[in-house]
Amino acid sequence: MFKNIRSTVALLLFFAGVLNYLDRAALSVMAPLVKKDLHIDDAQMGILFSCFFIGYCLFCFLGGWGADRYGPRKVFGWAAVVWSLFCGATALAGSFFQLLIVRVLFGIGEGPMGTTTNKSISNWFPRREVGRAVGFSNAGQPLGAAVAAPIVGLIGLHFGWRVSFVAIAILGFVWLAFWLWLFRDKPEQHPRITAAERTLITAERPATRLTEKGAPSRVRLWRYVFSLPVLGVAAAFFCFNYIQFFFLSWLPSYLTDFQHLDIKSMSLIGILPWLGATIGFIGGGLVSDALYRRTGNFLQSRKLIIFCGLAVAALCVMLTAWASSVTMAVTLITLASVFAYMTPQACWSLLQDIVPAERIGTAGGFVHLLANLAGILSPGITGFLIQYGGGYASAFMLASVLALAGMLLLAVFVRQRSVNALRALA
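Here is a short report on the structure shown in this document.

Rules and cut-offs
- Residues numbered from 1 in each chain as written.
- Predicted model: local features only at pLDDT ≥ 70, side-chain atom pairs only at ≥ 80, totals over all residues.
- Heavy atoms only, no water.
- Helix = DSSP H or I, 4+ residues; strand = E, 2+ residues; numbered from the N terminus.
- Rg over C-alpha atoms; globule rule 2.2 N^0.38 Å.
- Buried < 20%, exposed > 50% of the residue type's maximum accessible area, 1.4 Å probe, protein only.
- Contact = heavy atoms within 4.5 Å.
- Areas by Shrake-Rupley, 256 points an atom, 1.4 Å probe, with all protein chains shown as cover.
- Patch = residues over 30% accessible without salt bridge, like charges linked within 9 Å, V, L, I, M, F, W, Y side chains within 5 Å.
- Salt bridge = Lys/Arg side-chain N within 4 Å of Asp/Glu carboxyl O.
- Phe/Tyr/Trp six-rings, centres within 6.5 Å; stacked < 30°, edge-to-face > 60°.
- Core = buried A, V, L, I, M, F, W, Y, C linked by side-chain atoms within 4.5 Å.
- Axes fitted to C-alpha atoms, helices over the stretch in contact; angles between N-to-C directions.
- Parallel < 35°, antiparallel > 145°, perpendicular 65-115°, else oblique.
- Left-handed = near helix turned anticlockwise from the far one by under 90°.
- Nonpolar A, V, L, I, M, F, W, Y, C, P; charged D, E, K, R; others polar.

1. Some remarks on the overall build of the chain
Check the secondary structure of the chain and you find 20 helices and zero strands. Relative to the compact-globule value of 22 Å for 426 residues, the chain shows a C-alpha radius of gyration of 21 Å, a close match. Here the C-alpha coordinates of the chain stretch approximately 65 × 45 × 35 Å along the principal axes. Counting all 426 residues of the chain, 60% fall into the buried class. At a minimum sequence separation of 6, the contacts of the chain that also span at least 24 residues come to 85%. Counting only carbon and sulfur atoms, one obtains 68% of the accessible surface of the chain, whose full area is about 16,100 Å².

2. Thoughts on a nonpolar patch on the surface
Together, V166, I170, V174, F178 and W181 make up an exposed nonpolar region whose accessible area comes to about 490 Å². Judged by its relative accessible area of 42%, V174 is partly exposed.

3. Looking at the packing of aromatic side chains
Counting across every chain of the model gives 29 aromatic pairs. A ring pair is formed by W175 and W179, whose centres lie 5.2 Å apart and whose planes are at 20°; its orientation type is stacked. With W175 and W179 both in helix 8 (residues 161-182) and four residues apart, the pair spans about one turn of that helix. Note on W179 and F183: the rings are 4.0 Å apart at their centroids and 15° apart in plane angle, and the pair reads as stacked. Site record: aromatic cluster; members linked through ring pairs are F76, W83, W124, W175, W179 and F183.

4. Some details on the pattern of salt bridges
Inspection of every chain in the model, using the stated rule, returns four salt bridges. A salt bridge links E197 to R6; the shortest N-O distance between them is 3.1 Å. With a gap of 191 residues between them, E197 in helix 9 (residues 195-204) and R6 in helix 1 (residues 4-29) connect regions that are remote in the sequence. A single burial state applies to E197 and to R6, both of which are buried. For D68, the salt bridge identified is with K119, shortest N-O distance 2.8 Å. Highlighted residues: D68 in helix 3 (residues 42-70) and K119 in helix 6 (residues 113-124), separated in sequence by 51 residues. Under the relative-accessibility criterion, D68 is labelled partly exposed at 23%.

5. Let's talk about the nonpolar core
Of all hydrophobic cores here, the largest spans 129 residues; its most connected members are V34, M45, W175, F247, W274 and F396. Once residues within four sequence positions are removed from consideration, F247 is found in contact with P252, W274, V317, I333, A336, S337 and F396.

6. Quick notes on the packing of helix 1 against helix 3
The geometry of helix 1 relative to helix 3 is characterised by a closest axis approach of 10 Å and an angle of 160° between their N-to-C directions. One way to sum up the angle between helix 1 and helix 3 is to call them roughly antiparallel. Crossing hand, helix 1 versus helix 3: right-handed. Between helix 1, through R24, L27 and S28, and helix 3, the contact on the second element is made entirely by M45, L48, F49, F52, F53 and Y56. By residue class, the composition of the contact of helix 1 with helix 3 is seven nonpolar, one polar and one charged.

7. Observations concerning unusual backbone geometry
Despite not being glycine, H39 has its phi angle at roughly 60°, a positive value. Tracing the backbone through its elements, the reader meets H39 in the loop between helix 2 (31-38) and helix 3. Judged by relative accessible area, which is 70%, H39 ranks as exposed.

Dropping the structure here:
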């Protein structure tokens with residue numbers, strides 16, 4: 001798919017996604033054991049899932065700003081230190097409030113991941129490969145959630161839930177060593193890159209927009225981040241994230257509490273939706289790049305992917321509310337994951353086309369902040385719906401409605417005319 005140093009960058013970002021979602025999903029996989037050990041109910045568990053995103057959302061923006069200012073190598077390096085430390089510190093929590101504090105700090109460490117990944121791709125990949133690069137790099141995220149079920153579940157059953165968090169923390173420091181050794185902020189800085197690859201990347205890299213005098217555009221950042229196209233992308237991303245964090249936080253509990261699977265069976269069956277999500281990430285990137293090559297219209301090729309992804313996901317999530325068997329429920333959730341996960345790579349690619357390269361980290365961080373407010377809302381709302389509302393059926397219905405809302409907001413806000421007007425600012 002990629003060649004030479006670009007393939008190394010893609011693999012580093014891929015494994016960062018695997019680790020981030022492995023340690024992020026660990027609490028949901030261990031939720032039945034953690035609730036029993038720490039005497040936590042469903043509503044409190046929903047709060048724990050949500051509080052992770054308090055620190056996460058803030059550092060989505062700050063991480064993107066830092067990637068623009070200091071480079072993704074330093075930002076991702078420090079982020080890996082923080083997320084690994086506090087993933088391991090989860091094992092020390094002895095109460096609901098201690099676990100809440102650790103989850104907030106853990107979220108701070110993982111906050112820069114999405115925007116720093118996108119900044120790295122913007123620096124390292126030519127325009128023709130952006131969709132594939134985003135799709136492949138981010139495919140590690142659902143794969144991490146997939147392997148979380150068997151790995152964390154089996155470790156937790158044999159050695160206790162606390163040991164699983166320590167093991168994942170160690171993996172984080174191993175990744176950090178490879179990141180600092182193999183990654184540089186830009187192709188021009190890498191000692192082992194060939195002249196041919198460097199020329200290919202820099203010739204087709206999303207360009208820094210220049211003024212007539214040859215200096216980078218001084219248009220204020222807020223003109224970009226509060227524009228309708230950027231807010232439209234953020235809205236679609238938010239609606240996807242609501243579904244993502246609903247599944248990430250509550251799918252193991254749904255399979256054990258509602259479908260009555262034991263933890264061992266859940267650990268195996270729970271892999272399927274995340275494998276489907278991995279296919280969606282990679283497939284969405286390949287299809288969007290193919291559409292772009294065929295039509296020459298970058299904007300429409302990405303919008304079409306988002307529309308189709310959210311539409312099919314909305315239908316499948318809605319039908320899951322009436323699923324009468326484990327087989328039917330898991331099949332529908334897996335299909336929803338395949339199509340829903342075509343959405344985020346298209347959103348990241350759209351941003352690279354809308355916002356100039358020198359602003360992509362900060363603007364992407366702002367979009368990621370807004371999108372990940374869903375991480376605060378989705379797990380908490382779901383927990384209260386399960387315990388006090390209409391149960392899992394009402395939670396599935398709400399997620400479906402939001403997916404349809406994301407399609408509508410994208411159609412209204414992200415139009416070729418408004419994108420052209422934004423580009424004209426430079």
